[in-house]
Every structure is written in structure tokens, then in C-alpha cells.
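Inside the fold
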Amino acid sequence: MNDHDFLAGRFEGHRPHLTAVAYRMLGSVAEADDAVQEAWLRLARTDAADIDNLAGWLTTVVGRVCLDMLRARTSRREEPMAERLPDPVIGPEDGTDPEGQAVLADSVGMALLVVLESLNPAERLAFVLHDMFAMPFDQIAPIVGKSPAAAKMLASRARNRVRGRAPVPDPDLPRQRRVVDAFLSAARGGDFDALLAILDPDVVLHADGGATVSGGLRVVRGAERVAAMLDTFHRMANLYDTHPALVNGVAGLLNTAEGKPMSVMSFTVTNGRIAEIDILSDPERLARLDLVRADDRR
């Protein structure tokens, strides 16, 4: 084995962690892969013998790459990520998806990702690296070009914005699934009262059909208003083939028509009721997602 192959092997050992960092930073599976690949290219051009802590060095590089990517979105005045749902990570409900689980280590649900999209790039980096990956502020500071105290302030500001805005999912997956099954039963039967009964009074629904199809992200708040969408849920539940799946580590649904993905639904269940529903039905983005992992054999 030559030095290049040895270095590549060491890098691959860190890839799951780096992908997890990049995904939380960017909310995009494809962009996370690009950021990790860029970290490899930079490592390949560096004398690895001078790197004392490879894991820390790679995490710092990925953080800088992601920060640049987030800032580039703003400078190009692209459609902000806050105006669309993050990419979901989808896997079979039996959990037999080591790669997907590595990306979602410590589980980051869609509800939390949606809130992270509202942070500015520096706040998001400080929060993700410190609160999710326990990186000390003296290592975060050089990445954002600030002092450790200022980096700590960024993370604190982000934490205050995140706290209370992202409902915490029930950790019991079978209990989540029972609530999602009840939603599906109410949708199929067109039962308004049954649907209303399983919705949290403050439920929030995000529906992203894509800019060209639906004009972007639609947000509906409150149980009555979400339940008023029963006709849409009824049509989806009876028109498409519905497959249970894990969506970012929580109970979700993959809806297909003749094997083609039509939508991905993620449900955040809290205290036995649905606190958030996230629906991605953008055809272009669905086509780019890795849906092979979803268990569509049921």
C-alpha cells in the first residue's frame, strides 16, 4: 500500500463524521457530499505528516468549506434555503441502513433542520460544531474569523433561536408509527374529526412542491388549518402507493406512483400528537434523492 492509498483509507474512516457535519451545516445531501470531497482534495494536497489531529483538521476544513458555501448562497442572492425544505435522508424502517444512520448520528430531524436554515452562516456553524459535535470555541473561532468569546456568543444566539422552535420527537419509534398510521387511516377515510384528534393544537405543516410547481415553500399553522387540508391528504393517500420509511430518523412515508416517487412526508410526533409535518413533493429534488434505501418492498 502506497502513501496515497494509506491516506485515502484514513480519510474514509472519517467520512461518516464529516458527512454528518456537512449535512447539518448545509441541509443538502448533495452539497454535503461536495464539501466532504473538497476536504479530501485539500488533504491530498497537504503533507499529512504535519497534521497532528487528522479528525480535527478535517472537521475544520469541512466547516470552512460549508461556511463558504452558505455565504456564496447569500452573495449570489439565490433562493434562500429557508424558502425550501432541507433534503430528507430516507431509510428503511427496520434501521438496516448503516450509511444513512451514520449521516444522522445523534439524529437530526427535519423539524430541527428547518430551524437551522433560519440561522445566518456563522451562527449555524458555531451551533452545529459546538452544540452537536462538541468542538471547543477556540477551534471554532478561526473558522468564523472571530475571537473565542465572539464564537461563543454566536452559538448562544443560535441556541436561543433554536430553543422551543423545533419540537422534540417522541423517542419511541413504534409509538411514532402508530400516530402516523392513524394519520394515514384518517386521510384515507376522509375522517376530519379523527385527523384533528391526532394533531397538536400548534402543529406546523411545511409543504415544498418546488418553485416551478407550487411557487416554493408553503407553511400552514394550527390544527384547524392543517386539518382543513383533508381533501389533499385524502387524495394523496388514495392515489399513491404509500410505504413506511424512516425520514431523518423519525417515522415517515414515501409516496409513489408506478414506482416513481411523488412525495416524502416526515412527521414529528410529540406527546402522542403530530407537532410538525414536512412534505417534499418537488419533482426535481425528489429525482436527485437517494430513495433506494427506503423500504418499498412492503
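Quick note: structure is the one above.
My aim in this report is to walk through the structure given alongside it, one point at a time. All of these numbers come straight from a predicted model, not from anything done at the bench. (Residues numbered from 1 in each chain as written. Predicted model: local features only at pLDDT ≥ 70, side-chain atom pairs only at ≥ 80, totals over all residues. Heavy atoms only, no water.)

The final tally for this structure, using the stated rule, is three aromatic pairs. On the basis of an interplanar angle of 50° and a centroid distance of 5.3 Å, the ring pair of Phe11 and Trp40 is categorised as tilted. In this pair, Phe11 sits in helix 1 (residues 3-26) while Trp40 sits in helix 2 (residues 29-44), placing the two residues 29 residues apart along the sequence. On the basis of relative accessibility, which here comes to 1%, the residue Phe11 falls in the buried class. Taking the relative accessible area as the measure of exposure, Trp40 reaches 13% and is therefore buried. (Phe/Tyr/Trp six-rings, centres within 6.5 Å; stacked < 30°, edge-to-face > 60°. Helix = DSSP H or I, 4+ residues; strand = E, 2+ residues; numbered from the N terminus. Buried < 20%, exposed > 50% of the residue type's maximum accessible area, 1.4 Å probe, protein only.)

Another point: unusual backbone geometry. For Ala134, which is not glycine, the phi dihedral falls at a positive 55°. Along the chain, Ala134 turns up in the loop between helix 6 (121-132) and helix 7 (137-144). Here Glu258, not a glycine, exhibits a phi torsion of approximately 55°, which is positive. Structurally, the position occupied by Glu258 is in the loop between strand 5 (250-257) and strand 6 (260-270).

Let us look at the side chain of Asp282. Note that Asp282 resides in the loop between strand 7 (273-280) and helix 14 (283-288). Of the side chains with opposite charge, Arg285 comes closest to the buried, unpaired Asp282, at an N-O distance of 4.8 Å. Those residues in contact with Asp282 that sit more than four places away from it in its chain are Asp208, Gly209 and Gly210. (Lys, Arg positive; Asp, Glu negative; His and termini not counted. Salt bridge = Lys/Arg side-chain N within 4 Å of Asp/Glu carboxyl O. Contact = heavy atoms within 4.5 Å.)

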